[in-house]
Amino acid sequence: MPIALDETTRPVLRPLPVRAAELLRDVQAPPRLVAHLRAVHDVAAQLVAWTAKRELPIDADAVLFGAATHDIGKALHPGELSGPGSQHEPAGRDLLLANGIAPELAKYAANHSTLSTDSTLDELLVSLADTVWKGKRRTDLEDLVVARLAAETGREVWDEFLELDTLLTEIGDGADERLAYQMGYPLGPVAPGAPVVQK
């Protein structure tokens, strides 16, 4: 699946994990969904790199796989690619479980938009990547992340806020390119063997 794995130059995006790309191929995910997942995965990788420098306790592989598959249920509910809806969330979890993905990885598909003070830092990072990839900011989500960071590091909430805000501002600077990349792919399926050309 070229959209998931091939090099990109504008924007430069990391390839999806091979297992995630295979799943997307197997469920015949629409090209725009794959492009979206790749953009969110790339932002998640930036968040993971930032937390690694700070030696925070996260499962980097889980966060990256969760970001790469969080919306896989939209392959079954394609109307939610361009409109509102939450049917893709449990459908995505069930689809991943049916394909042999462990529950601790499949959970991201079901809970990426349902957050609370009980959410783990890993879960919050997937949700944050799914929000900030397009330059959007959510105060409620960022407050949860900052509180979790402060609890993990023992630092003041304000200090954690300032560092996170700086990072999210930098990530947001690439939002227009990521959005253009996603929108360059069709919403619907592509005939087998037909090339998918980014607009």
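Located above this text is the structure these notes cover.
Predicted model, so just to flag it, every value in this text is computed and none were measured. (Residues numbered from 1 in each chain as written. Predicted model: local features only at pLDDT ≥ 70, side-chain atom pairs only at ≥ 80, totals over all residues. Heavy atoms only, no water.)

1. Some points on the nonpolar core
Formed by 32 residues in total, the largest nonpolar core has its most connected members in Val 43, Leu 47, Leu 128, Val 145 and Leu 164. Breaking this core down by element, the ones donating at least two residues are helix H3 (31-53), helix H4 (60-69), helix H7 (121-132), helix H8 (139-153) and helix H9 (157-172). Top element by residues in this core is H3. It accounts for eight residues. In this structure Val 145 touches Leu 124, Leu 128 and Leu 164, once residues within four positions along its chain are discounted. (Core = buried A, V, L, I, M, F, W, Y, C linked by side-chain atoms within 4.5 Å. Buried < 20%, exposed > 50% of the residue type's maximum accessible area, 1.4 Å probe, protein only. Helix = DSSP H or I, 4+ residues; strand = E, 2+ residues; numbered from the N terminus. Contact = heavy atoms within 4.5 Å.)

2. So, unusual backbone geometry
For the bond running from Arg 10 to Pro 11, omega is 0°, close enough to zero to count as cis. Summarising the element assignment, Pro 11 is placed in the loop between helix H1 (2-5) and helix H2 (18-26). Phi is positive for Gln 28, which is not a glycine, with a value near 55°. With respect to the helices and strands, Gln 28 occurs in the loop between H2 and H3. We classify Gln 28 as exposed; its relative accessible area is 66%. The phi dihedral of Glu 55 falls on the positive side, at around 55°, and the residue is not glycine. Assignment of secondary structure puts Glu 55 in the loop between H3 and H4.

3. A few points about the pattern of salt bridges
If you walk through the whole model with that rule in mind, you get 13 salt bridges. When the shortest N-O distance is used, the salt bridge between Glu 177 and Arg 10 registers 2.8 Å. Of this pair, Glu 177 sits in helix H10 (residues 175-183) while Arg 10 sits in the loop between H1 and H2; the two residues are 167 residues apart in sequence, bridging distant segments of the chain. We note a salt bridge from Arg 14 to Asp 42, for which the minimum N-O separation is 2.6 Å. A residue pair is termed long-range when its members are at least 10 positions apart, and Arg 14 in the loop between H1 and H2 and Asp 42 in helix H3 qualify at 28 residues. A relative accessible area of 4% means that Asp 42 is categorised as buried. Taken together, the salt bridges that share partners define one network made up of Arg 54, Arg 155, Glu 160 and Glu 163. (Salt bridge = Lys/Arg side-chain N within 4 Å of Asp/Glu carboxyl O.)

4. Examining the packing of H7 against H8
Closest axis-to-axis distance for the H7/H8 pair is 10 Å, and the angle between their directions is 145°. In this structure, H7 meets H8 at a crossing whose hand is left-handed. Of the residues in H8, those in contact with Leu 121, Leu 124, Ser 127, Leu 128 and Thr 131 of H7 are Leu 141, Glu 142, Leu 144, Val 145, Arg 148 and Leu 149. Class assignment of the residues belonging to the contact of H7 with H8 gives a composition of seven nonpolar, two polar and two charged. (Axes fitted to C-alpha atoms, helices over the stretch in contact; angles between N-to-C directions. Left-handed = near helix turned anticlockwise from the far one by under 90°. Nonpolar A, V, L, I, M, F, W, Y, C, P; charged D, E, K, R; others polar.)

5. A few points about helix H6 (residues 103-111)
Those residues of H6 that sit buried are Ala 106, Tyr 108, Ala 109, Ala 110 and Asn 111. In this structure, the buried residues of H6 make contact with H4, helix H5 (88-98) and H7.

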